[in-house]
Amino acid sequence: MIFGAFDPGLQGAGAFIDDPELDIRRTKELNIEFFDMPMRDEPVKNRTRNRIDCTKLGAFILPYVLSVLEDECELWLEHLWGFGSVVKNGEIGQFVFAENYGIIKCAIELQVGREGYNLIAPIRWQNLLQKPKDVRKDYDKSKKWNIEKICDLYPQAQLIPDGCRVPSSGRADALCIAHAARILHLAKLSILTRKKRA
């Protein structure tokens, strides 16, 4: 089973965990793949600004489409109702973030349809990873905790992109979501197994 997750935003990323045996205790030997959000320059008056490239993002998702259709892959996107808590630079920043969030949803739905992926709220995946509530309130501490958690669970994960010197918080966040997806999937299988035995 493959678990794919997307952390939205210009610094976001996608993470895919290949978990063939569906054993939550196995983390350190699993194959993990990343991609960073593909960007394009969009002219705005006398300057350019970054936008997520919908076409390139769709190309990253394309190899997993058949697996999604055959129920061998789950895709998860962080669900954000309001953007004030994740965007620090006012109304314009919130608008830009919302626009890019829409691009990500569009790219996913063009490949697998609305029924082909799941939404998960930040509070839910953070609860599943047992993230302390006091850490969640501080943006920098929260990002640091995610990176440290992933380094502990998946030391083989390449959190530092090529050409960079520091771990990508987007990759860490995406992998946190993918790990939460593993927990949810295995919990669902456990419930189904108990019902069959009953």
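The structure under discussion appears in the preceding block.
Described in the following lines is the structure provided in the data block.

1. Quick look at helix 6 (residues 139–153)
The α-helix winds at 3.6 residues per turn, so residues separated by three or four positions along the chain end up facing the same way.
Moving on, step 1. Helix length check: helix 6 (15 residues) gives 21 Å between terminal C-alpha atoms against 21 Å at 1.5 Å per residue, within 8%.
Moving on, step 2. Here helix 6 has its buried residues at Ser-142, Lys-143, Trp-145, Asn-146, Ile-147, Ile-150 and Leu-153.
Moving on, step 3. At the N-terminal end of helix 6, a side-chain oxygen is found 3.1 Å from the backbone nitrogen of Asp-140, two or three residues along, and the residue is Asp-138.

2. A word on the nonpolar core
Moving on, step 1. Counting residues in hydrophobic clusters, the biggest one holds 29 residues, and the most contacted among them are Ile-150, Tyr-154, Ala-157 and Leu-175.
Moving on, step 2. Elements with a minimum of two residues in this core: strand 1 (2–7), strand 2 (13–18), strand 3 (31–36), helix 6 and helix 7 (169–197).
Moving on, step 3. Dropping the residues within four chain positions of it, Ala-157 is found in contact with Ile-32, Phe-34, Ile-150 and Leu-175.
Moving on, step 4. In this structure, Val-65, Cys-73, Tyr-101 and Ile-103 belong to the second largest nonpolar core, which totals 23 residues.

3. Some remarks on the side chain of Asp-7
Moving on, step 1. Examined against the element boundaries, Asp-7 turns out to sit in strand 1.
Moving on, step 2. Although Asp-7 is buried, it forms no salt bridge, and the closest oppositely charged side chain is Lys-143 at an N-O distance of 4.9 Å.
Moving on, step 3. In contact with Asp-7, other than residues within four places in its own chain, are Gly-12, Ala-13, Met-37, Glu-78, Gly-170, Asp-173 and Ala-174.

4. Let's talk about the pairing of strand 1
Moving on, step 1. In terms of burial, strand 1 is a largely internal element, six of the six residues being buried.
Moving on, step 2. Along strand 1, one buried face is formed by Ile-2, Gly-4 and Phe-6 and the opposite face, lined by Phe-3, Ala-5 and Asp-7, is buried too.
Moving on, step 3. Alignment of strand 1 against strand 2, held across six bridges, turns out to be antiparallel. Residue pairing in the sheet places Phe-3 in a bridge with Ile-17 of strand 2.
Moving on, step 4. In this structure, the hairpin formed by strand 1 and strand 2 is closed by a connection of five residues, where Gly-9 is found at a positive phi of approximately 115°.

5. Topic: unusual backbone geometry
Moving on, step 1. Backbone geometry places Leu-22, a non-glycine residue, at a positive phi of 50°.
Moving on, step 2. Locating Leu-22 in the fold gives a position in the loop between strand 2 and strand 3.
Moving on, step 3. Taking relative accessible area as the criterion, Leu-22 reaches 28% and is therefore assigned partly exposed.
Moving on, step 4. For Asp-71, which is not a glycine, the phi torsion comes out positive at approximately 60°.
Moving on, step 5. Mapping Asp-71 onto the fold places it in the loop between helix 2 (65–69) and strand 6 (73–78).
Moving on, step 6. Judged by relative accessible area, Asp-71 falls into the exposed class, the value being 64%.

6. Concerning the sheet that holds strand 7 (residues 118–120)
Moving on, step 1. Strand order in the open sheet formed by five strands is 3-2-1-6-7, and the pairing between neighbours is mixed. Bordering the open sheet on either side are strand 3 and strand 7, each of which pairs with just one other strand. Averaged over neighbouring strand pairs, the angle between their axes works out to 20° when direction is ignored.

7. Points about the environment of Leu-119
Moving on, step 1. Its place among the elements puts Leu-119 in strand 7.
Moving on, step 2. When the C-alpha positions of Leu-119 and Phe-6 are compared, they lie 9.9 Å apart, and in sequence the two are 113 residues distant.
Moving on, step 3. Once you skip the residues sitting within four places of it in the chain, Leu-119 turns out to touch Trp-76, Leu-77, His-79, Tyr-101 and Arg-114.

8. Re the state of the cysteines
Moving on, step 1. Counted under the stated rule, the structure contains zero disulfides.
Moving on, step 2. This cysteine, Cys-106, is not joined by any disulfide, and Cys-54 carries the nearest cysteine sulfur, 4.4 Å off.

9. What about the pattern of salt bridges?
Moving on, step 1. Under the criterion given, the structure shown has seven salt bridges.
Moving on, step 2. With its nearest N and O atoms 2.9 Å apart, the salt bridge here joins Arg-182 to Asp-19. A residue pair is termed long-range when its members are at least 10 positions apart, and Arg-182 in helix 7 and Asp-19 in the loop between strand 2 and strand 3 qualify at 163 residues. Asp-19 matches Arg-182 in its accessibility class, with the two residues each being buried.
Moving on, step 3. Among the ionic pairs, Glu-99 bridges to Arg-51, the shortest N-O distance being 3.0 Å. Taken together, the residues Glu-99 in helix 3 (residues 90–112) and Arg-51 in strand 5 (residues 47–52) connect sequence positions 48 residues apart.
Moving on, step 4. The exposure class of Glu-99 is partly exposed, given its relative accessible area of 30%.
Moving on, step 5. Each of Glu-21, Arg-26 and Glu-29 takes part in a single network of salt bridges with overlapping partners.

Calculation criteria
Residues numbered from 1 in each chain as written. Predicted model: local features only at pLDDT ≥ 70, side-chain atom pairs only at ≥ 80, totals over all residues. Heavy atoms only, no water. Helix = DSSP H or I, 4+ residues; strand = E, 2+ residues; numbered from the N terminus. Expected span 1.5 Å × (residues − 1). Buried < 20%, exposed > 50% of the residue type's maximum accessible area, 1.4 Å probe, protein only. Polar contact = N/O pair within 3.5 Å; in protein donor to acceptor, adjacent residues only side chain to side chain. Core = buried A, V, L, I, M, F, W, Y, C linked by side-chain atoms within 4.5 Å. Contact = heavy atoms within 4.5 Å. Lys, Arg positive; Asp, Glu negative; His and termini not counted. Salt bridge = Lys/Arg side-chain N within 4 Å of Asp/Glu carboxyl O. Pairing = 2+ DSSP bridges. Axes fitted to C-alpha atoms, helices over the stretch in contact; angles between N-to-C directions. Disulfide = S-S within 2.5 Å.

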